[in-house]
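# Understanding the architecture of this molecule
Here are the chains, one letter per residue:
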Amino acid sequence: MEASFGFSSKPVSVPIRVKSHLSSSSVTNLPLKPGESMAAKWAQKTVVIPAHRRGCHLITPKVLREIEQDLSGFQCGLAHFFLQHTSASLTINENYDSDVQADTETFLNKIVPEGRSAPWRHTLEGPDDMPAHIKSSMFGCSLTIPITEGRLNMGTWQGIWLCEHRDHATPRKIVITLNGM
Amino acid sequence: MEASFGFSSKPVSVPIRVKSHLSSSSVTNLPLKPGESMAAKWAQKTVVIPAHRRGCHLITPKVLREIEQDLSGFQCGLAHFFLQHTSASLTINENYDSDVQADTETFLNKIVPEGRSAPWRHTLEGPDDMPAHIKSSMFGCSLTIPITEGRLNMGTWQGIWLCEHRDHATPRKIVITLNGM
Amino acid sequence: MEASFGFSSKPVSVPIRVKSHLSSSSVTNLPLKPGESMAAKWAQKTVVIPAHRRGCHLITPKVLREIEQDLSGFQCGLAHFFLQHTSASLTINENYDSDVQADTETFLNKIVPEGRSAPWRHTLEGPDDMPAHIKSSMFGCSLTIPITEGRLNMGTWQGIWLCEHRDHATPRKIVITLNGM
């Protein structure tokens, strides 16, 4: 009956048989044994990301700081990230060269017209608001990432981006849900 | 003690401890107690949405009517919505000003050419069909939304949109899967 | 031993009932009985897709060959596909007429500028690299598909596409996670 949020490595005190298996390809060797006994676990947390200027931002380190202790308790599962806003987005992209972030922002501004030439009806909240809604649906507001052996199982060059589409940004909330065993 | 990955239909027959916890950030206080013992639950349902005219439509109330009784049984989990079509899409966006829906439809029509000037090979099903396929991949056909204390944990202004990309729409099927505890 | 789908807050202390329910709409009859007792299961596997030329490719058969044996053990659940790359994407679209794939590639190339006229800073990895990153965020790198009675519950015309956005492609890794009961 641990009170902490941490995952207990102690065996569940009565025999249970949640069947589980992690098979491996020739490339990645995932050592979970078949037939291992574990119960499904859930963890959920709302994280607040401080206001970021308009543009695309790598937030992997920030996100990991919030969840890595919990993550380490999952051998296999899924991590879900849900941004509770309609004028920003979450996407997975390059984690190395920040020019990729700048170029993506350039693309978004090119593809979604803003200002006098734009055909929008919804303008009460400023010229950047309707474009922000469109960009949010283009990239989406949620991500699901596999968990493998206590870590987010992303590729070498993948990172989590928060894309802020408003000029005068506010803090943004992300509901993070971990599920696995 | 099966070693295989196979699925056993035999009922679990010993007490199990499904560890579960819902931690809270400084902003949102989610009162699930740590160490609570609960088993994972699944629910799945196919919902038919009557034909909507071409454009973006807020369907949150309709969807909630179909699932809220089941939803209320989940303290923590994920709700997955899967549109079984390739010429419509699901997205999350503004739930208040319907101009946002109209402007988004304007954007989609601007970005994806249709009619004589369009370069498409796939034209047998009408001039609006190939653009519909493209829009479907741009916005996507599925959504995953966190469940917290029996409710979809969306932001204040977020709603579920069905975007119908065909001129002569038909009813659309959504497979809804709830998973949690 | 509740037969209803409701949530019990009492600690589980007796042979457990992993409550599960698969309700049906008037359209699809999904025969899982409510109250059936099953434990949650997880399976995870990394699959390598051989290099495909630039463009959109239907990979449903390839993916199914890798997972169908495991899939058949799930009555109800979710299948998650995660591409570990930032210059390719996964999407769901038409599985029949390959012109739809060709037209989608035409659209992507039209919408994301490439070569001398493109405004990108990130050019070190070739003129097709920055456009590839943008396309990857437009379509996304992951999919979640419902599992119903041992099969991916997609619509009649839906298929899984791997969209390769690089000119000189390499094999691509997909982490597949199955979760259900």
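Provided above is the structure to which this section pertains.
First, a word on what this report is: a plain description of the structure on this page.

Our next topic: the overall build of chain A. The number of helices and strands found in chain A is three helices and nine strands. Across chain A, helices and strands are ordered from the amino to the carboxyl terminus as β-β-β-α-β-β-α-α-β-β-β-β. A burial count over chain A gives 63% of its 181 residues as buried. Nonlocal contacts in chain A, meaning residues at least 24 apart in sequence, comprise 79% of its contacts between residues at least 6 apart. Summed over its atoms, the accessible surface of chain A is roughly 7,100 Å², and 51% of this surface lies on carbon and sulfur atoms.

This part covers the environment of A:Phe81. Residue and element names in this part refer to chain A. As for its placement among the helices and strands, Phe81 is situated in strand 4 (residues 76-83). Accessibility expressed as a relative area gives 1% for Phe81, which makes it buried. Separated by 28 residues in the primary sequence, Phe81 and Asn109 place their C-alpha atoms 25 Å from one another. Residues contacting Phe81, with those up to four places away along its chain left out, are Val63, Ile67, Leu90, Cys141, Ser142, Leu143, Ile145, Leu152, Ile160, Ile174, Val175 and Ile176.

The next subject is the pattern of salt bridges. On inspection of all chains with the given rule, the structure shows 24 salt bridges over all chains. Across the salt bridge formed by C:Arg54 and C:Glu114, the nearest N and O atoms sit 2.8 Å from each other. Pair noted here: C:Arg54 is in the loop between strand 2 (41-49) and strand 3 (55-58) and C:Glu114 is in the loop between helix 2 (98-111) and helix 3 (129-139), with a separation of 60 residues, a long-range link. A relative accessible area of 16% means that C:Arg54 is categorised as buried. Assessed through its relative accessible area of 29%, C:Glu114 is described here as partly exposed. Three or more residues joined by partner-sharing salt bridges are found here, namely A:Arg54, A:Glu105, A:Glu114 and A:Asp167.

Quick look at the sheet that holds strand 5 (residues 88-94) of chain C now. All names here are of chain C. Here three strands make up an open sheet; going across it, the order is 3-8-5 and the pairing antiparallel. The open sheet is flanked by strand 3 and strand 5, the only strands paired with a single partner. Each neighbouring strand pair of the sheet contributes to a mean axis angle of 35°, computed without reference to strand direction. Relative to strand 8 (residues 158-164), strand 5 runs antiparallel, the two being bridged by seven bridges. Residue pairing across strands places Ile92 opposite Ile160, the latter belonging to strand 8. Where helix 3 meets the sheet, it contacts strand 5 and strand 8, and its direction lies at approximately 45° from that of strand 5.

Residues and elements named next belong to chain A. Relative to the assigned elements, Ile176 resides in strand 9 (residues 172-180). Remark: the alpha-carbon pair of Ile176 and Val47, spanning 129 residues in sequence, is separated by 7.3 Å. When near neighbours in sequence (up to four residues on either side) are disregarded, Ile176 contacts Ala43, Gln44, Lys45, Val47, Val63, Ile67, His80 and Phe81.

The next thing to look at is the state of the cysteines. A full pass over the atoms with the stated rule returns zero disulfides over all chains. Cysteine B:Cys56 shares no disulfide, and the gap to the nearest cysteine sulfur, in B:Cys163, comes to 3.4 Å.

So, about the sheet that holds strand 3 (residues 55-58) of chain B. Residue and element names in this part refer to chain B. Spatial ordering of the open sheet is given by 3-8-5, a layout of three strands whose pairing is antiparallel. Because the sheet does not close on itself, it has two edges, and the strands there are strand 3 and strand 5 (88-94). On average, each strand axis in the sheet is inclined to that of its neighbour by 35°, with strand direction left out of account. When strand 3 meets strand 8 (residues 158-164), the two strands line up antiparallel, connected through four bridges. For His57, the partnering residue across the bridge sits in strand 8 and is Leu162. Against the sheet, helix 3 (residues 129-139) makes contact with strand 5 and strand 8, and its axis sits at roughly 45° relative to strand 5, the strand it touches most.

A separate point is unusual backbone geometry. Across the chain, the bulk of peptide bonds are trans and the bulk of non-glycine residues have phi less than zero. All names here are of chain A. The phi torsion at Glu149 lies on the positive side, around 50°, for a residue other than glycine. Mapped onto the elements of the fold, Glu149 is located in the loop between strand 6 (142-148) and strand 7 (151-152). A relative accessible area of 42% means that Glu149 is categorised as partly exposed.

Criteria and cut-off values
- Residues numbered from 1 in each chain as written.
- Chains lettered and ligands numbered in written order.
- Predicted model: local features only at pLDDT ≥ 70, side-chain atom pairs only at ≥ 80, totals over all residues.
- Heavy atoms only, no water.
- Helix = DSSP H or I, 4+ residues; strand = E, 2+ residues; numbered from the N terminus.
- Buried < 20%, exposed > 50% of the residue type's maximum accessible area, 1.4 Å probe, protein only.
- Contact = heavy atoms within 4.5 Å.
- Areas by Shrake-Rupley, 256 points an atom, 1.4 Å probe, with all protein chains shown as cover.
- Salt bridge = Lys/Arg side-chain N within 4 Å of Asp/Glu carboxyl O.
- Pairing = 2+ DSSP bridges.
- Axes fitted to C-alpha atoms, helices over the stretch in contact; angles between N-to-C directions.
- Disulfide = S-S within 2.5 Å.

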